Amino acid sequence: MLDSATRQQVKATAPILKQHGVLLTSHFYQRMFQHNPELKNIFNQGHQHAGQQQQALAMAVAAYAEHIDAPEVLLPVLERVAHKHTSLGIRAEHYPIVGKHLLASIREVLGEEAAPDSLLEAWAAAYQQLADLLINLENSLYQRAATQPGGWSGWRPFKVVKKQPESSEITSFYLQAADGGALPAFQPGQYVSVQRFIPEWGLSQPRQYSLSDAPGQDWLRISVKREDERDEAPAGKVSGQLHTALQEHDILQVSPPFGDFVLHQERDTPVVLISAGVGQTPLLSMLKHLLASGSQRPIRYLHAARHGRVHAMKQEVGQLAAQHPQLNSTVFYECPQDTDRLGQDYQRAGRIDAAAIREHALLADADYYLCGPVGFMQQQQRQLRGAGVEAARIHMEVFGSNAMASD
């Protein structure tokens, strides 16, 4: 436990970190990659280019400074960070490297007058406390992943046994362990990391993708949206390579499943799944697991797409709805095309607004799972709260590096 003087010094820097946090973290990443370029193979360079990791780290550092008196308040956030770290293979030995460059960046950005030795010493102690918390959480996750039946540690080679286009933007990859071994019983909603070497960068790059099928299959399935490199450069390099270069029988390096956005299976209350675009992937895993397990929990499935050409898994969900009376599926097309058939391809034109929530989503004592763009989820959360849904019943997953977003 940090002494009161150390906590006070760290807490006093919170306003400065809020004001200059992104400048600080941008300098930190530039410095760290200059001195330790091998870490570029772990960190998502697409998020670096877009500024997402810098923003997320700035938020995390400022939040930690604010809550330094009671860091346990941040435990749900730290658990989410730990899942992301273990999926990417971040280990205890990486923390001293990060700490060294973070402390040096504080001095170099803020200057010696604003960041004297006494402040750096306080932050060194605070950083070590945070590192210890995360290392302990991550060690527990690593051990659980490696020792469960079918589990492993690090990267494991998987063979692509099927490549299935799902829409003009999304393709599914069915993966089986190249060693012929068993697969773990992951929790519906979890994700894996995959690793691809990008020749033009000379780097391996990890990307995290939700598992889009139910547990208990002979495969792991990921469904990948091809990102536009012009909009997301260079992140679109990896999804583009998966779509164009990864073929059936090829080998893909895969991490164990991780993630804390999971279905609450201990309950027997209704489930409402609300998604947009590729955000349906973890929710589809939840849906298929519920139906395959024989659960009779009432399910509402609301999905938003721009139009039919980009609407993935349409037939898959439609068949499930036809076979299971407890499932009610409603599809919204924001901009239906002439070939899209109302009542067959989709049920409502427009977006999932407050009126649609009241008509299609409200069930007593239900749990609500949201996944899609951040703005979409924020809107759905506001609408659900406005309709009287308790905050504890609303669960969200954020794709990307913004681990500070929470339920």
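Fair warning: this is a prediction, and the values are worked out from it, not measured in the lab.

## With respect to the domain arrangement of the chain
Along its sequence, the chain is carved into domain 1 (4-147), domain 2 (156-254) and domain 3 (271-397). Averaged C-alpha coordinates put domain 1 and domain 2 at centres separated by 29 Å. Taken together, the contact between domain 1 and domain 2 spans twelve residues of the former and twelve residues of the latter. Summing both sides of the interface, domain 1 and domain 2 together bury roughly 1,100 Å²; the carbon and sulfur share of this comes to 48%. The interface formed by domain 1 and domain 2 holds zero salt bridges in total. In this assembly, domain 1 and domain 2 are joined by ten residue pairs in polar contact (both at pLDDT 80 or more). The element contributing the most residues to the side of domain 1 that touches domain 2 is helix H5 (residues 75-88), with four residues. Partitioned by chemical class, the residues of the side of domain 1 that touches domain 2 number three nonpolar, seven polar and two charged.

## Focus on the packing of helix H6 (residues 94-114) against helix H7 (residues 117-147)
One way to put it is that H6 packs onto H7 with a least axis distance of 10 Å and a crossing angle of 155°. As judged from the angle between their axes, H6 and H7 are roughly antiparallel. The chirality of how H6 crosses H7 is right-handed. Across the interface between the two elements, Tyr 95, Val 98, Gly 99, Leu 102, Leu 103, Ile 106, Arg 107 and Ala 114 from H6 touch Asp 117, Leu 119, Leu 120, Trp 123, Ala 124, Tyr 127, Ala 131, Leu 134, Ile 135 and Glu 138 from H7. Partitioned by chemical class, the residues of the contact of H6 with H7 number 14 nonpolar, one polar and three charged.

## Focus: the side chain of Glu 316
Inspection of the secondary structure puts Glu 316 in helix H11 (residues 314-323). On the basis of relative accessibility, which here comes to 17%, the residue Glu 316 falls in the buried class. Within the local environment of Glu 316, its side chain forms a polar contact with the side chain of Lys 288, the two groups lying 2.9 Å apart. Setting aside its immediate chain neighbours within four residues, Glu 316 contacts Arg 221, Leu 284 and Lys 288.

## Let's talk about helix H1 (residues 4-12)
For H1, the set of buried residues is Thr 6, Arg 7 and Val 10. Down the axis of H1, the smallest arc covering the buried residues is 95°, so these residues share one side. Away from its buried face, by an angle of more than 90 degrees, H1 presents the exposed residues Ser 4 and Gln 8. Elements that come into contact with the buried residues of H1 comprise helix H2 (14-35), helix H4 (52-66) and H7. Where H1 begins, one side-chain oxygen reaches toward the backbone nitrogen of Ala 5, 3.1 Å away; that side chain belongs to Asp 3.

## Some points on the packing of aromatic side chains
Summed over the entire model, instances satisfying the criterion amount to nine aromatic pairs. The interplanar angle of 45° and the centroid separation of 5.5 Å between the aromatic rings of Trp 152 and Phe 158 together place this pair among those described as tilted. Ring geometry for Tyr 333 against Tyr 346: centres 4.7 Å apart, planes inclined by 20°, an arrangement best described as stacked. One end of the pair, Tyr 333, is in strand E9 (residues 327-333); the other, Tyr 346, is in the loop between E9 and strand E10 (348-349), with 13 residues separating them in the sequence. Of the two residues, Tyr 333 and Tyr 346, neither departs from the other in class, the shared state being buried. Following the ring pairs from residue to residue traces out a cluster consisting of Phe 28, Tyr 29, Phe 33 and Phe 43. Here the guanidinium or amino end of Arg 91 rests over the ring plane of Tyr 142, the centre of that ring lying 3.7 Å away. In this arrangement the basic side chain of Lys 162 is found over the ring face of Tyr 174, its NZ or CZ atom lying 5.0 Å from the centre.

## As for the UniProt feature "active site" (unreviewed entry) in the chain
The sites that carry the UniProt feature "active site" (unreviewed entry) are, in the present numbering, Tyr 95 and Glu 138. These annotated residues cover 44 residues of sequence, and their C-alpha atoms all fall within 12.0 Å of one another, placing them together at a single site. Tracing the backbone through its elements, the reader meets Tyr 95 in helix H6. Non-local contacts of Tyr 95, meaning those with residues more than four positions away in its chain, are made with His 85, Ile 90, Tyr 127, Ala 131, Leu 134, Ile 135 and Glu 138. Checked against the element boundaries, Glu 138 lands in helix H7. Beyond its immediate chain neighbours, meaning those up to four positions away, Glu 138 contacts Ala 82, His 85, Thr 86, Ile 90 and Tyr 95. Of note is the side chain of Glu 138, whose polar atom sits 2.8 Å from the side chain of His 85.

## Let's talk about the pattern of salt bridges
The tally for this structure, following the rule as stated, stands at 19 salt bridges. Note that Glu 316 is salt-bridged to Lys 288, the shortest N-O span being 2.9 Å. Of the two residues, Glu 316 sits in helix H11 while Lys 288 sits in helix H10 (residues 280-292), which places them 28 residues apart along the sequence. Residue classification places Lys 288 among the buried positions, given a relative accessible area of 18%. Salt-bridge contacts for Arg 351 lead to Glu 334; the nearest nitrogen and oxygen are separated by 2.8 Å. Of this pair, Arg 351 sits in the loop between E10 and helix H12 (354-360) while Glu 334 sits in the loop between E9 and E10; the two residues are 17 residues apart in sequence, bridging distant segments of the chain. Via salt bridges that share partners, Asp 213, Arg 221, Lys 288 and Glu 316 belong to a single interconnected network.

## Examining unusual backbone geometry
One non-glycine residue, His 249, lies in the positive phi region at around 80°. Assignment of secondary structure puts His 249 in the loop between helix H9 (236-244) and strand E6 (251-254). Look at His 249 and you get exposed, because its relative accessible area is 59%. Here the phi dihedral of Asp 365 falls at roughly 65°; this positive angle occurs in a residue that is not glycine. Relative to the helices and strands, Asp 365 resides in the loop between H12 and strand E11 (367-371).

About the cut-offs
- Residues numbered from 1 in each chain as written.
- Predicted model: local features only at pLDDT ≥ 70, side-chain atom pairs only at ≥ 80, totals over all residues.
- Heavy atoms only, no water.
- Domains from an automatic or database assignment.
- Contact = heavy atoms within 4.5 Å.
- Buried area = accessible area lost by both parts, 1.4 Å probe.
- Salt bridge = Lys/Arg side-chain N within 4 Å of Asp/Glu carboxyl O.
- Polar contact = N/O pair within 3.5 Å; in protein donor to acceptor, adjacent residues only side chain to side chain.
- Helix = DSSP H or I, 4+ residues; strand = E, 2+ residues; numbered from the N terminus.
- Nonpolar A, V, L, I, M, F, W, Y, C, P; charged D, E, K, R; others polar.
- Axes fitted to C-alpha atoms, helices over the stretch in contact; angles between N-to-C directions.
- Parallel < 35°, antiparallel > 145°, perpendicular 65-115°, else oblique.
- Left-handed = near helix turned anticlockwise from the far one by under 90°.
- Buried < 20%, exposed > 50% of the residue type's maximum accessible area, 1.4 Å probe, protein only.
- Arc of directions from axis to C-beta.
- Phe/Tyr/Trp six-rings, centres within 6.5 Å; stacked < 30°, edge-to-face > 60°.
- Lys NZ or Arg CZ within 6 Å of the ring centre and 35° of its normal.
- UniProt positions renumbered as here; feature names shortened; annotations may be inferred.

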